[in-house]
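For reference, the chains in residue letters:
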Amino acid sequence: MADLNLSPNLPECDDFYAALLETHEGLEEAQMHALNARLILILANHIGDTEVLTQALQAARKSS
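This one's a predicted model, so the numbers in the text were calculated from it and none came from an experiment.

Trainee: Mind laying out the overall build of the protein chain, listing which residues take part and the relevant values?
Mentor: Within the protein chain, the regular secondary structure consists of three helices and zero strands. From first element to last, N terminus to C terminus, the protein chain shows the α and β order α-α-α. Taken over C-alpha atoms, the radius of gyration comes to 13 Å for the protein chain, far larger than the 11 Å a tight globule of 64 residues would show. The principal-axis extent of the C-alpha atoms belonging to the protein chain is close to 40 × 25 × 25 Å. Within the span of the protein chain, comprising 64 residues, buried residues form 9% of the whole.

Here it is, written out as structure tokens:
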């Protein structure tokens, strides 16, 4: 069974965050939600591990 990595693991995370914000610039709220949904599905497909994705959903839910 694979485990979700919740430790910092993204080099240049500030650059990624800036790119993420830039991607949302000029979009209306509904467009932002749609973009986020597409991004989640693209990344989920890349991960390709249902157990890890389920752990990620649970971790995200606990954070809210």
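From this point, the narrative continues.
Trainee: Hey, could you go over the packing of helix α1 (residues 13-24) against helix α2 (residues 29-47) for me, with residue numbers and the actual values?
Mentor: Where α1 contacts α2, the axes come no closer than 10 Å and their chain directions differ by 135°. Classified by the interaxial angle, the pair formed by α1 and α2 is oblique. Across from L20, T23 and H24 in α1, the residues of α2 making contact are M32, L35, N36 and L39.

About the thresholds
Residues numbered from 1 in each chain as written. Predicted model: local features only at pLDDT ≥ 70, side-chain atom pairs only at ≥ 80, totals over all residues. Heavy atoms only, no water. Helix = DSSP H or I, 4+ residues; strand = E, 2+ residues; numbered from the N terminus. Rg over C-alpha atoms; globule rule 2.2 N^0.38 Å. Buried < 20%, exposed > 50% of the residue type's maximum accessible area, 1.4 Å probe, protein only. Axes fitted to C-alpha atoms, helices over the stretch in contact; angles between N-to-C directions. Parallel < 35°, antiparallel > 145°, perpendicular 65-115°, else oblique. Contact = heavy atoms within 4.5 Å.

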